[in-house]
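Descriptive structure summary
Each chain, written out:
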Amino acid sequence: MTSRSTADRAGLQVRTMNDLVPDTTRIDRNALERIIQRAAELQAGERDIGDGLTEAELMHLGRDVGIPVRYLQQALVEERTHSVMQTEPGLASWLSGPRYVVAQRSVPGTCERVHAALGRWMTESELLTVKRRFPNRTSWEPRRDMFSSIRREFNVGGRAYRLARAREIVGQVSPLEGGRCHVQLLADLSNTRRSYLSGAATLAGSGAIATTIGLTLGVMVPVALLPVGIGLAAGTVLARRRMSKVEQMHVSLEQVLDRLEHGEIDLADGEAKSGGTIERLAGEIRRNLGF
């Protein structure tokens, strides 16, 4: 009787300890990424890669590690364009944000189809025109005609046309395996950064001039220094306001990729609806009048 009671108590204690300390510990996402990255480094470290690997050798190494070729291809394309996406050093970037905004994604479809659909969307829906054209890359700039300017000014169709605020939009489409391709969109915002920094410099310079005049006239130093302080503060606030514009541009680029990924920009549909300029203008007027 005593031995049975002792065994029951021991079993209860074991069950209680098991309840408190689970048999398996869940690995959070951050730890999982570090573990996988480290395991890949250890796997690659077993090979003598010398000064580097060719693209074919990289794909072979990826197969040994168990990484699908499609993901390797996408990572390779992103690495080749990584220098563009790096944060720019310097005071100008800290004040007003980066010069370039990049968005990229893997989308279904052939490169030819996606490239053509992307070009049609940029010219017809974003009010851009082709600037340069290459085999797998196209650049666009804002249209300057009166009709496009009116549409942008009055947000015709309920759209903000933010991409037209960039100096240039560059789209690059690269093939991947599995009927997919990698699309990268880059917006050159050097025009807006130059504008905001010029305004900030004007405010700061005005404050400095006022302070210089005050010191020359013999105004008390604390009072004379107020304009330059206010000018610097106002200039900083103005330059920092551009950060919201940068974020809006990034969202707009991502929205284009969303449409490509989910099939909202379809090549066959666009060809069927293209028509002439008069037909497109009439259709736009009908849509905005609610007919």
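You'll find the structure just up there.
So, here is what we can say about the structure in this document.

Definitions and limits used
- Residues numbered from 1 in each chain as written.
- Predicted model: local features only at pLDDT ≥ 70, side-chain atom pairs only at ≥ 80, totals over all residues.
- Heavy atoms only, no water.
- Helix = DSSP H or I, 4+ residues; strand = E, 2+ residues; numbered from the N terminus.
- Expected span 1.5 Å × (residues − 1).
- Buried < 20%, exposed > 50% of the residue type's maximum accessible area, 1.4 Å probe, protein only.
- Arc of directions from axis to C-beta.
- Pairing = 2+ DSSP bridges.
- Salt bridge = Lys/Arg side-chain N within 4 Å of Asp/Glu carboxyl O.

**Re helix α12 (residues 242-261)**
- Between its first and last C-alpha atoms α12 spans 29 Å; for 20 residues at 1.5 Å apiece the expected length is 28 Å, and the two agree.
- Within the sequence span of α12, burial applies to R242, V246, M249, S252, L253, V256, L257 and L260. Looking straight down α12, one finds that the buried residues subtend no more than 140° of arc, so they occupy a single side.
- Two residues or fewer past α12, G263 is found with a positive phi of approximately 75°.

**Digging into the pairing of strand β2 (residues 128-133)**
- By the bridge criterion, five bridges tie β2 to strand β3 (residues 137-142) in an arrangement that is antiparallel. By the bridge assignment for β3, L128 is matched with P142.
- Hairpin connection of β2 to β3: three residues between the antiparallel strands.

**Thoughts on the pattern of salt bridges**
- Scanning all chains against the criterion turns up five salt bridges.
- Two residues, E254 and R105, come together in a salt bridge whose shortest N-O distance is 2.5 Å. Highlighted residues: E254 in helix α12 and R105 in strand β1 (residues 100-108), separated in sequence by 149 residues.
- A salt bridge links R167 to D188, with the shortest nitrogen-to-oxygen separation between them at 3.0 Å. Residue R167 is found in the loop between α8 (146-153) and β4 (168-175), and its partner D188 is found in strand β5 (residues 180-188); the two are separated by 21 residues along the sequence.
- Classification of R167 as partly exposed rests on a relative accessible area of 39%.
- For D188, a relative accessible area of 6% translates into the label buried.

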